[in-house]
Structures are given as C-alpha cells and as structure tokens.
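Notes for the structure review
Listed below are the residues making up each chain.
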Amino acid sequence: MRVLKRALAIVYLAAAVVALGTLVCQFWGPYAYRFMLLMRDPLPRIVVTACGGVVALGVLVGFFRLVFARREPSCVHPAGERNIEVTLAALSSCARTAAERDDRVMVEHVEARVQGSDESRVRFKVDAIALDDRDMASLATAMQQRIEEACDTMLGTPGTIARVRFLPSKTTVQTVEVSGE
C-alpha cells in the first residue's frame, strides 16, 4: 500500500507540474505564442487535459478526505459502556507512572490510541530509555505487564495492550577544564 501511495503521489506531482507549467507558459513569458501554437495540435491538448483532470481529481479526493475524516476518539468506554468515559490523558498518565516504577527505566514518550468498534480498548506505545543494559527483554516484559495491570485496574475491565520500545541513550559527556583565575 505504501508503494502504491508513493507512485500515486509521483503521478500527481508530475501532472501538477505539467498542468501548472503549461498554464504559466501559455499566459506569461517570452514563449506564450509558441505554446498557443503547440496547443493547436490534439496530442498536447490531450496530455494537458489529462494532467488537469488528475490534478482536479486529487484536489477533490483531498477535499472529501478533509470533510469526511473521522476524528480520533479521545475517550475510552470500558466494556463498551457508553455512559462511562475515561480520557486518554488520564490513561497515559497512569501508564507513564506504571512504567516509571522501575529505577532502571526513563520514559521518553507515551502514545495512546483507542481501538475497537465500541471504543473499549486502548493500545499504548511506550518509548523508554533503559539505564541498565542487562536483561532488557525481561525489563520490557515486566514494564509491559505493569502498564497493562495498572490501566486495566483503572478501567475496571481488561482492554489494554502495551508495546514497549527501548530507544538508544542520547546522553553525551563533555569535560571542560576551567582555570582557577
């Protein structure tokens, strides 16, 4: 799907360049008369019309995606109960607190997304920096279990999935000598 999107973006960009370039060259510049003579032939007219159609179709698709885009839910409904709402901010705070219980971990970023047709599940992506390089697999598993247990307790029902990713350490040490004067 990513390759198809990239190919469509390249086609759209090429069509936009041809359509806009032809429009600009036809009305402004030293070669406006030559472009008008070129547009008398059917082949250049067909190419420019097709490129204009691709650009118009792209603008129309972008407009419809903007108008009919589904907003991202900001609340979870535990067990599908529509009368109960728990905000993602509260769940993210709970997940961060549960993840930071271990002193060997520093949490960099917590992302929460609501999932499910009834908006009853939450998926967490936690980016952390391990301050200890030993046994990172068990550290990640323990951190994942703590997050899921804490958020499930907060929701009152199971519905939390956590993914933990360790980032490389970004710290650098710089030593500068200062004279005593």
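Up top you'll find the structure we're talking about.
Our subject in this report is the structure included herewith. Keep in mind that what you see is a predicted model, and the values were worked out from it rather than measured. (Residues numbered from 1 in each chain as written. Predicted model: local features only at pLDDT ≥ 70, side-chain atom pairs only at ≥ 80, totals over all residues. Heavy atoms only, no water.)

1. Here we look at the side chain of glutamate 119
We count it as follows: Numbering goes from the N terminus for both helices and strands, where a helix is a DSSP run of H or I of at least four residues and a strand is a run of E of at least two. In what follows, residue pairs with any heavy atoms lying within 4.5 Å of each other are defined as contacts.
Structurally, glutamate 119 can be placed in the loop between strand S3 (105-115) and strand S4 (121-130). For glutamate 119, the residues in contact, after removing those within four places along its chain, are Pro73, Cys75, Val76, His77, Arg82 and Val114.

2. Side note on the pattern of salt bridges
It is possible for side chains of opposite charge to pair when their charged atoms get near one another. What counts, and what does not: Here, a salt bridge means any side-chain nitrogen of Lys or Arg that lies within 4 Å of a carboxyl oxygen of Asp or Glu. Working definition: with a 1.4 Å probe on protein chains only, accessible area under 20% of the residue-type maximum means buried, over 50% means exposed, and in between means partly exposed.
Going through the model one piece at a time under the given rule, you end up with 5 salt bridges. The partner of arginine 96 in a salt bridge is glutamate 100, and the shortest N-O contact between them spans 3.8 Å. Here arginine 96 falls in the partly exposed class, since its relative accessible area comes to 29%. Among the residues examined, glutamate 100 registers a relative accessible area of 38% and is labelled partly exposed. Residues arginine 104 and aspartate 102 are paired through a salt bridge, measuring 3.1 Å at the closest nitrogen-oxygen approach.

3. Thoughts on the packing of helix H4 (residues 88-99) against helix H5 (residues 136-155)
Heads up, the rule is: Between the N-to-C directions of two axes lies an angle of 0 to 180 degrees, each axis being a line fitted to C-alpha atoms and, for a helix, fitted only over the stretch in contact. Under this scheme an angle from 65 to 115 degrees is roughly perpendicular, one under 35 degrees roughly parallel, and one over 145 degrees roughly antiparallel; angles in between are oblique. In this scheme the crossing of two helices becomes right-handed for a clockwise turn of the near helix relative to the far one and left-handed for an anticlockwise turn of less than a right angle. Gly falls in the polar group here, along with every residue not listed as nonpolar (Ala, Val, Leu, Ile, Met, Phe, Trp, Tyr, Cys, Pro) or charged (Asp, Glu, Lys, Arg).
Remark: H4 packs on H5, axes separated minimally by 8 Å, with the N-to-C direction vectors making an angle of 140°. In terms of their interaxial angle, H4 and H5 are classed as oblique. The crossing of H4 and H5 is right-handed. On H5, the residues that touch Ala90, Leu91, Cys94, Ala95, Ala98 and Ala99 of H4 are Met143, Arg146, Ile147, Ala150, Cys151, Met154 and Leu155. For the contact of H4 with H5, a count of residues per class yields 12 nonpolar, no polar and 1 charged.

4. Focus on the packing of aromatic side chains
For clarity, the cut-off: What counts as a ring pair is set by centres within 6.5 Å for rings of Phe, Tyr and Trp (its six-membered ring), and what kind of pair is set by the plane angle: stacked under 30 degrees, edge-to-face over 60, tilted for all other angles.
In total, this model carries 3 aromatic pairs according to the counting rule given. Measuring from ring centre to ring centre gives 5.8 Å for phenylalanine 64 and phenylalanine 68, while their planes differ by 15°; the resulting arrangement is stacked. Overall, phenylalanine 64 belongs to the partly exposed group, its relative accessible area being 42%. By relative accessible area, phenylalanine 68 is classed as exposed at 62%. Through successive ring pairs, a cluster of aromatic residues spans Phe63, Phe64 and Phe68.

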